[in-house]
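Spelled out, the chains give:
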Number of protein chains: 2
Amino acid sequence: MTKYVYMFTEGNAGMKNLLGGKGANLAEMTGLGLPVPRGFTISTEACTRYYEDGKIIAAEIEKEIFETLAKTEENVGKKLGDARNPFLVSVRSGARASMPGMMDTILNLGLNDEVVKGLAALTGNERFAYDSYRRFITMFSDVVMEIDKSKYEKVFDAVKEEKGAKLDTDLDAEGMKEVVRRYLSVYQVNKGEPFPQDPKIQLMESVKAVFRSWNNERAILYRRMNDIPGSWGTAVNIQEMVYGNMGDTSGTGVAFTRNPATGEKKLYGEFLMNAQGEDVVAGIRTPQTIDQLASVMPEVYEQFAKTAEKLENHYKDMQDMEFTIERGQLFMLQTRNGKRTAAAAMKVAVDMVKEGLNTKEEAIMKLDPKQLDALLHPTFDPAALKAATPISRGLPASPGAASGEVYFSAEDATKAAEEGKKVLLVRLETSPEDLAGMNVAQGILTGRGGMTSHAAVVARGMGKCCVSGCSDLIIKEEEKYFQTPDGKRFNEGDCISLDGTTGIVYSGNIATQEASLSGDFRTIMDWSDEFRTMKVRTNADTVRDANVAFELGAQGIGLCRTEHMFFEEERIFAFRQMIVAKSEEARRKALAKILPYQQGGFEGLFKAMKGYPVTIRLLDPPLHEFLPQNADDIEELAGALNMRSCDLKDIIESLHELNPMLGHRGCRLAVTYPEIAEMQTTAIIAAAIAVNREGGPKVIPEIMIPLVCELKELKFVKDIIVKTADALIAQSGIEMPYHVGTMIEIPRAALTADEIATEAEFFSFGTNDLTQMTYGLSRDDAGKILDAYYQKKIFESDPTARLDTVGVGKLMQIATEAGRKTRPDIKLGICGEHGGDPSSVHFCNTLNFSYVSCSPFRVPIARLAAAQAAILQRK
Amino acid sequence: MTKYVYMFTEGNAGMKNLLGGKGANLAEMTGLGLPVPRGFTISTEACTRYYEDGKIIAAEIEKEIFETLAKTEENVGKKLGDARNPFLVSVRSGARASMPGMMDTILNLGLNDEVVKGLAALTGNERFAYDSYRRFITMFSDVVMEIDKSKYEKVFDAVKEEKGAKLDTDLDAEGMKEVVRRYLSVYQVNKGEPFPQDPKIQLMESVKAVFRSWNNERAILYRRMNDIPGSWGTAVNIQEMVYGNMGDTSGTGVAFTRNPATGEKKLYGEFLMNAQGEDVVAGIRTPQTIDQLASVMPEVYEQFAKTAEKLENHYKDMQDMEFTIERGQLFMLQTRNGKRTAAAAMKVAVDMVKEGLNTKEEAIMKLDPKQLDALLHPTFDPAALKAATPISRGLPASPGAASGEVYFSAEDATKAAEEGKKVLLVRLETSPEDLAGMNVAQGILTGRGGMTSHAAVVARGMGKCCVSGCSDLIIKEEEKYFQTPDGKRFNEGDCISLDGTTGIVYSGNIATQEASLSGDFRTIMDWSDEFRTMKVRTNADTVRDANVAFELGAQGIGLCRTEHMFFEEERIFAFRQMIVAKSEEARRKALAKILPYQQGGFEGLFKAMKGYPVTIRLLDPPLHEFLPQNADDIEELAGALNMRSCDLKDIIESLHELNPMLGHRGCRLAVTYPEIAEMQTTAIIAAAIAVNREGGPKVIPEIMIPLVCELKELKFVKDIIVKTADALIAQSGIEMPYHVGTMIEIPRAALTADEIATEAEFFSFGTNDLTQMTYGLSRDDAGKILDAYYQKKIFESDPTARLDTVGVGKLMQIATEAGRKTRPDIKLGICGEHGGDPSSVHFCNTLNFSYVSCSPFRVPIARLAAAQAAILQRK
């Protein structure tokens, strides 16, 4: 039979999955002989069982709870509900991963009309006893019975006023008694029944409430943002109450073994004498810093400092501890690895290796790669952020923080930026035409589109903050305003702030802090490189991006999207001439104009990468993306192209597609217009020849064919490439190897990878498209659906942001195995947005990929994640 | 070492793959001791090798050809190029499957300036010799050297005029000599070199030309229309010439052992005395019927009739034979199973079983299921068709033939039909809003969309002819005309004709023949049912379709698209009220109005299917498909809905999707609006209860959840269904089982089928969507791409029409295995358009599916194909 309940003496820190973080650490501290109030933990399996059973606690579990309670009562020598010697407990949640403040807590459980009298007698402190009862009634009502807390607060304020009490502490015992009397009546009125007097009912209802709180809205959101599966469930800790509010020799506090903001090795924290934990949170009195405890209660401080050191050494990590002093006696209520800023994380990791506390591997494994974002992008000043007013929340599409005036078109944004304004570009969704506007903007906000929408991908490439899919804003681009759900309107020029790391949109300007890379950061990166086996490349289309990525450690370009080179005015005009051309000859003429630009662009990338491999993808997007859609722009372009606007309109109409993502794009363009592939190959090979001629590290270009679904299609395009390339190389008289490979981004390519590998020298998994097709879900249209899917617990994360290792992963595995069977030395990589997501990097490592490729600012994240994956896999 | 060349004495009829049909049958006839001119066959493997080697005949193959030639010369006692005793040969293509007229033939090879003199001396017929040389030069120039034939025809006409000859036969030997002289000079002028005198060069060039002809445009098109893989290649037959044009005791003819139009058992054919095969084709002289040969040359007729009987008995199938009589001696040049009309095919099959010539299995295996289309749909009168003018060619989206006046909107078409006109609906593409117009039309023509576009699918369901994706027509719906590539304009009311079986569009009216089902057809269907193991269901949404399908043998409904029930005026209005509803309450109110219609519809289907299973799919298409797109219609609807048109416009805009196929549809609708699934479940279950109460065969409804990609999503919707259904059933007091299953139409569902099967009681493979997502290719946008892909030999067939057993098939296999692992008795079926495609039916049989489901008029095809698959698999 499954055991569902564990005494603290039965567990240890290794049992986090079963006991939750808090429970496991309480057990561990108990085992270390530290002063921990006694208690027991109801396991996470009891929680999942509770949900499986249809939100019922099975009789066997209830029985086990009360048996364990009885044992605990025996140890403590008190009994729940015994008025003469009452056992009072706290009921606290505790999941496998820390989810601070997300779930619920009940304190002082066990009090009722009789027990409160006993407590008063026992402590000789009637006020304390009734204050505790009051607090219990409030918490139980709020957390377990969902009665609005404010109803109690009003009563409390009323009594204080009647009694002429200013502060809570001014209220005497009689006052507290009156409060309790009225509270009990508030409860009766709201629930239609008296406050439960049976402590066992109090206990079971509270346990259920904690289980329920696992699925409250903020917990679900937190889990999604932190990749915590909903299936884990929470444990419940039942623990003897100790009181920091029993007079001047009592107190409560929290402390870190090191400074969580800077990483400095020095106890850091605060405490409040004669108070309970919630008083610290409420912030009515100002707490003292932890050093001051040394003068207030020197012996307790000494004991605490030693305990802290012991815990840090034991856990080999910075600890975040809660403690209570009851009448001069120290109790440890919690310890856990402390959350810290990115900068602190770097420093702590490096210091602990220096101190001999951690090996390099251990230091690396303890870091959260995602945290590096904060080092690489500006963040809001925490103080300024506290005062800010959130107006909406979208998807955290590209990290960083930005404030500025809103503009609703690329043109307006550019104009404003030229006037020296800080601008934010706000669009329903962005298209390649918005690139110039995105470029000058501090940040981008869109109403539609997911984590891998155009706006998100481009913003990440630029290292620019972006909040996408803010679907509750009504954005009126033409009318130049947007409106929040509560009707507030923001016009062109109004200021807002975007947090691309959280997805929150604020009104007004908020002060930001610049990103800065410390020496510790560089040390961590160096260590990561020692361990990782996968290379990290970048997705870059411009020399600027390539240089940034190179600085951040990129070992080549995994994906250059050639179409991004067409967007400057002169180039896009030639490109449009190519699109509207009626004959191959006219197309070739237009392509000839683009050739020098492309070649120049490639030369720049080759030089920036200093001999590292550069993978260039042939033209991918459907041609209609390059043509205007609204009447005025069509008119204008027709004039420039010297054609009738009705003819241009016909062409645009004929290019219209119902499902462009599944349409005429990728290598299908090269099949229908081989001359495009010819021009691009010419540009790539000629650029490589030119750079090689200059000396320096040799360039070996990799040409990548996108959207392949069938071997013959790949072969057709490869033949064009090889013919063109070989002729150029022969003509140049130099020897230059080059490679031709393909994206694996269509399910059929993955399923027939054995065939595909007969022609492809490398596979680069395009997991953006692969995910969309495998799920049958367009990232641009997923916005509204995802919300419902999160709410209904069908999805826990956005599969376009975090690789689905089950379905998409299975396709990747099939393709990897089949590809290697045909071509054992085939080079495998990933160039989808997942390339910079740590859990996806881990998955790629299990498939023994050669490299992952991601946007420039994600390169450090990928380096660290790849090191962690390698260390993990070696074990 | 591979053997590439086979003497006729070395082969047999079983070697079709290697020798081609013609070669294998020539060898078989040789083996039977029939009078076959001697020769040999160059295998199909030589052809594929030719292409692999880059269009070169390898030296080893050339050597083998000349070695075999030498042996043949020895047998015949003549030598190629020997003027005194010349060996003259024909060079003919012959693929594995018959591709009549698609590839090239060269006759009289071996003639040159010397040999022709020898031939004249040997035959004592100078005119014949030079006529033969003339014919050879023409064919060699045309077929091998690609010199325009008309250049020779002009010369020939000129000589005839000069000589005062009216008919070819009026030209004497001197005239023929003159023709040859001038022909040689035409050749010299056009090729810049003299006509090749070396017969070995003539031979090798001709062999290459036949290999090349395998990939001429018409051959590629024919293969695509007949599902013949391009990888097969063609064989080449080199055979001693015999001459039907050596005087009055010579002749040539073709004959069938039975009447290919009716199936009647009686020699059927024609012959021409003193003529070569091409003269019969040219149609200058009128041939005599084969019976007349009995009086012209009784002994030869006797010999031929016996040979024909022998061949039919030997091949156990109706034979199509070519013969030549050279100076009184009969030679058999070819025999093959004769092509026949659908009606003849049925009669021959049934007769041959009666005659004891075939078993039922053999009879079934010899039928082409696709041919049944012709029995089920009207066809054009062949005589009328000959005179018709084709104006365009689209995709043969739904079989049948129709003539009528063109109309460009559903409204106009309906109005014209009400006035008693025969109308054809012409649209760029159709949407559900066009249903009424499609319903009254004789046929449908669209400019966009593939074999599984909306127009195609609906037309097939209605049994109505449809040509889709006619992309070379410029269709102007608003201006009410369309224009052909050569500028011809067809206005509203002009007449055209559509052949949905070939995809050809003709101008004007063409007389049609009605479909009729013979007793033989019914016999074949009964026999099929004896053998097949898979059930055949139908895709039907209306009682009319269900009745048609039931009559044609459907054993249930595999797919009822519930949304098709919303399109009548009153219903769609309520449905639109549902879509624009701002609250769940308002949505429920609108749904309540739809409920009785849905329930009534389901009751009709249940009754029509008389106890056979009925699978009903929950709402699938995106909601925006139900709302108008143009300003006038929006205005009108807003008025009817009593809302501001700008608000309605906002709603329509908010529903817009970039890739609707990958958007908010299928079970995603049920997740976001559970009340829709509730209403539909209520309608299904209430209908089943009502019909069961009436007595008669019991209804066991099957509810199908579409577009599932993830177990939890399926579970969420299934929970709604089960809760709703169980409550209704409990309330009714009767016992009624029902089943809940899912479509497998998203790759991820196939990849995670083991998980999906924990909740799904059945899988129905939706291969339309599964194919589109597996290929990353939208059927609605594939039109333009497919043409290039056929031309470049990347695709050989449209994967949305013919199941891709490699990629999509692999997913189906993965899903089938995984599904059965979880739930061994899981019911598996297919309800995509592939359900009615014979080769796809075969594939489903290999996966041991329970059933295939297809549109009503494809049911007989599926029954026959399933029987063939079962017989094949049993072997």
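Treat the numbers as computed from the prediction; the structure is a model and nothing was measured.

Asks: An account of the interface of chain B and chain A is needed here, citing residue identities and associated values.
Replies: Between chain B and chain A, the residue contacts involve 55 residues of the former and 55 residues of the latter. With both chains or domains summed, chain B and chain A bury close to 4,700 Å², and 58% of this area falls on carbon and sulfur atoms. When residues of chain B are sorted by the area they lose upon contact with chain A, Leu662, Arg748 and Leu751 of chain B head the list and together hold 13% of the total. Where chain B packs against chain A, one counts four salt bridges. With a closest N to O distance of 3.4 Å, lysine 476 of chain A and aspartate 650 of chain B form a salt bridge. Joining chain B to chain A, the criterion identifies 25 residue pairs in polar contact (both at pLDDT 80 or more). For the side of chain B that touches chain A, the elements supplying multiple residues, two or more each, are helix 25 (645–655), helix 26 (667–672), helix 28 (711–732), helix 29 (747–751), helix 31 (767–775), helix 32 (782–791) and helix 33 (807–822) of chain B.

Asks: Give a detailed account of the side chain of glutamine 555 of chain B, specifying residues and quantitative values.
Replies: Take glutamine 555 of chain B: it is sitting in the loop between helix 21 (543–551) and strand 25 (557–561). Glutamine 555 of chain B has contacts with Arg532, Lys535, Val536, Arg537, Tyr612 and Pro613 of chain B, leaving out every residue within four places of it along the chain.

Asks: Go over the relation of the copies chain B and chain A with me, naming the residues and quoting the values.
Replies: Least-squares fitting of chain B to chain A yields an RMSD of 0.3 Å, with the transformation described by 0.1 Å of translation along the axis and a rotation of 180°. Within this description, the copies of the chain are treated as partners about a two-fold rotation axis. Looking at the rotation axis and the C-alpha trace of chain B, the residue lying nearest is asparagine 659 of chain B, at 2.2 Å. Here 100% of the contact residues of chain B are again contact residues in chain A; the copies associate through an equivalent surface.

Asks: Describe the pairing of strand 3 (residues 89–95) of chain B, listing the residues and the values that go with them.
Replies: Residue and element names in this part refer to chain B. Counting buried positions along strand 3 yields seven of seven residues, so the element is predominantly enclosed. The alternating pattern of strand 3 places Val89, Val91, Ser93 and Ala95 on one face and Ser90, Arg92 and Gly94 on the opposite face, and all of these are buried. Bridge count for strand 3 against strand 4 (residues 105–109) is three bridges, and the pairing is antiparallel. Bridge pairing in strand 4 places arginine 92 opposite threonine 105. In this sheet, strand 5 (residues 234–240) lies alongside strand 3 in antiparallel orientation, the contact comprising seven bridges. When the sheet's bridge partners are listed, glycine 94 is paired in strand 5 with alanine 235.

Asks: Got a sec to walk through a negative patch on the surface? Specific residues and values, please.
Replies: Residues and elements named next belong to chain A. A cluster of like negative charges, contributed by Glu411, Glu569, Glu570, Asp632, Asp633, Glu635 and Glu636, occupies part of the molecular surface. Among the elements of the structure, helix 22 (569–580) and helix 24 (631–641) are those that each provide at least two residues to the negative patch. No other element matches the four residues that helix 24 contributes to the negative patch. By the secondary structure assignment, glutamate 635 is in helix 24. The exposed category is assigned to glutamate 635, whose relative accessible area is 52%.

Asks: How would you explain the pattern of salt bridges if you had to name every residue and give the values?
Replies: Residue and element names in this part refer to chain A. One pass over the full model with this rule turns up 114 salt bridges over all chains. For aspartate 291, the salt bridge is made with lysine 266, and the minimal N-O distance between the two is 3.7 Å. With aspartate 291 in the loop between strand 8 (288–289) and helix 11 (293–296) and lysine 266 in the loop between strand 6 (251–256) and strand 7 (268–273), the pair connects residues that are 25 residues apart, well separated along the chain. Judged by its relative accessible area of 43%, lysine 266 is partly exposed. Several salt bridges converge on common partners, so that one network encompasses Glu563, Arg617, Asp620, Arg665 and Asp769.

Asks: Explain the nonpolar core residue by residue, including any values.
Replies: One recurring pattern in soluble globular proteins is that nonpolar side chains are buried together. Met812 of chain A together with Met812 of chain B are the most contacted members of the largest nonpolar core, which has 226 residues in total. Those residues within four positions of methionine 812 of chain A in sequence are excluded, and the remaining contacts are Phe765, Thr767, Leu770, Leu803, Ile830, Phe843, Cys844, Leu847 and Phe849 of chain A.

Asks: Describe the sheet that holds strand 15 (residues 423–427) of chain A, listing the residues and the values that go with them.
Replies: Residue and element names in this part refer to chain A. Pairing is mixed across the open sheet formed by eight strands, whose spatial order is 12-22-21-14-15-16-17-13. Two strands close off the open sheet at either side, each with one partner strand: strand 12 (389–393) and strand 13 (395–398). Neighbour-to-neighbour, the strand axes of the sheet open up by a mean angle of 35°, direction not taken into account. Against the sheet, helix 17 (residues 410–418) engages strand 14 (401–407) and strand 15, with an angle of about 175° to strand 15.

Asks: I'd love a proper account of helix 5 (residues 126–144) of chain A, names of residues and values included.
Replies: Residues and elements named next belong to chain A. Look at helix 5: 26 Å from first C-alpha to last across 19 residues, which is about the 27 Å you get at 1.5 Å a residue. For helix 5, the buried fraction is high: 16 of the 19 residues fall into the buried class. Looking at the residues trailing helix 5, positive phi occurs at glutamate 146, about 55°.

Asks: Go over the packing of helix 34 (residues 838–846) of chain B against helix 35 (residues 859–874) of chain B with me, naming the residues and quoting the values.
Replies: Residues and elements named next belong to chain B. Taken N-terminus to C-terminus, the directions of helix 34 and helix 35 make an angle of 45°; their axes are 9 Å apart at the nearest point. On the basis of the axis angle, helix 34 is oblique to helix 35. In this structure, the crossing between helix 34 and helix 35 has a hand that is right-handed. Of the residues in helix 35, those touching helix 34 at Pro838, Val841, His842, Asn845 and Thr846 are Ile861, Ala862, Ala865, Ala866, Gln868, Ala869, Ala870, Leu872 and Gln873.

Asks: How would you sum up the packing of helix 4 (residues 115–123) of chain B against helix 5 (residues 126–144) of chain B? Please name residues and give values.
Replies: Residue and element names in this part refer to chain B. Their axes nearest at 7 Å, the elements helix 4 and helix 5 cross at an angle of 145°. The way helix 4 lies across helix 5 gives a crossing that is right-handed. On the side of helix 4, the interface is formed by Val116, Lys117, Leu119, Ala120 and Thr123, while helix 5 contributes Glu126, Phe128, Ala129, Tyr130, Ser132 and Tyr133. By residue class, the composition of the contact of helix 4 with helix 5 is seven nonpolar, two polar and two charged.

Asks: Talk me through helix 17 of chain A; I want residue IDs and the actual numbers.
Replies: Residues and elements named next belong to chain A. Among the residues of helix 17, Ala410, Asp412, Ala413 and Ala416 are the ones counted as buried. End-on, the buried residues of helix 17 take up no more than an arc of 165°, which puts them together on one face. Those residues of helix 17 that are exposed and aimed more than 90 degrees away from the buried face are Glu411 and Glu418. Buried positions along helix 17 lie against strand 14, strand 15 and helix 18 (435–440). Trailing helix 17 by a residue or two, glycine 420 shows a phi angle of about 90°, which is positive.

Asks: Please provide a residue-by-residue account of the confidence of the model for chain A, values included.
Replies: Summarising the model, chain A shows a mean pLDDT of 92, and 99% of its residues fall at 70 or more. Here the complex is predicted with pTM 0.83, and the ipTM for its interfaces comes to 0.82.

Asks: I'd like to hear about the sheet that holds strand 6 of chain A, residue by residue, with values.
Replies: Residues and elements named next belong to chain A. A sheet is described by the order of its strands in space; here five strands give the open sequence 8-7-6-9-10, paired in antiparallel fashion. Sheet topology places strand 8 and strand 10 (329–337) at the edges, where each strand pairs with a single neighbour. Pairing of strand 9 (residues 319–326) with strand 10, which is carried by eight bridges, proceeds in the antiparallel orientation. Note that in strand 10 the partner of aspartate 320 across the bridge is arginine 336. Contacts from helix 12 (residues 298–315) reach strand 6, strand 9 and strand 10, with the element oriented near 25° to strand 10.

Asks: Describe the packing of aromatic side chains, with residues and values.
Replies: Under the counting rule described, the total for this entry stands at 38 aromatic pairs over all chains. Aromatic pair tyrosine 152 of chain A and tyrosine 183 of chain A: ring centres 4.8 Å apart, planes at 70°, arrangement edge-to-face. Residue tyrosine 152 of chain A is located in helix 6 (residues 149–163), and its partner tyrosine 183 of chain A is located in helix 7 (residues 173–191); the two are separated by 31 residues in the primary sequence. Assessed through its relative accessible area of 1%, tyrosine 152 of chain A is described here as buried. Looking at tyrosine 183 of chain A, the relative accessible area reads 2%, which means it is buried. With centroids separated by 6.4 Å and ring planes inclined at 90°, the aromatic side chains of phenylalanine 763 of chain B and phenylalanine 765 of chain B adopt a geometry described as edge-to-face. For the pair phenylalanine 763 of chain B and phenylalanine 765 of chain B, a shared accessibility class is recorded, and that class is buried. Among the aromatic residues, those joined into a ring-pair cluster are Tyr133, Phe136, Phe140, Tyr187 and Phe195 of chain A.

Scoring rules and cut-offs
Residues numbered from 1 in each chain as written. Chains lettered and ligands numbered in written order. Predicted model: local features only at pLDDT ≥ 70, side-chain atom pairs only at ≥ 80, totals over all residues. Heavy atoms only, no water. Contact = heavy atoms within 4.5 Å. Buried area = accessible area lost by both parts, 1.4 Å probe. Salt bridge = Lys/Arg side-chain N within 4 Å of Asp/Glu carboxyl O. Polar contact = N/O pair within 3.5 Å; in protein donor to acceptor, adjacent residues only side chain to side chain. Helix = DSSP H or I, 4+ residues; strand = E, 2+ residues; numbered from the N terminus. Least-squares fit on C-alpha atoms with pLDDT ≥ 70 in both. Buried < 20%, exposed > 50% of the residue type's maximum accessible area, 1.4 Å probe, protein only. Pairing = 2+ DSSP bridges. Patch = residues over 30% accessible without salt bridge, like charges linked within 9 Å, V, L, I, M, F, W, Y side chains within 5 Å. Areas by Shrake-Rupley, 256 points an atom, 1.4 Å probe, with all protein chains shown as cover. Lys, Arg positive; Asp, Glu negative; His and termini not counted. Charge placed at Lys NZ, Arg CZ, Asp CG, Glu CD. Core = buried A, V, L, I, M, F, W, Y, C linked by side-chain atoms within 4.5 Å. Axes fitted to C-alpha atoms, helices over the stretch in contact; angles between N-to-C directions. Expected span 1.5 Å × (residues − 1). Parallel < 35°, antiparallel > 145°, perpendicular 65-115°, else oblique. Left-handed = near helix turned anticlockwise from the far one by under 90°. Nonpolar A, V, L, I, M, F, W, Y, C, P; charged D, E, K, R; others polar. Arc of directions from axis to C-beta. pLDDT = per-residue confidence, 0-100. Phe/Tyr/Trp six-rings, centres within 6.5 Å; stacked < 30°, edge-to-face > 60°.

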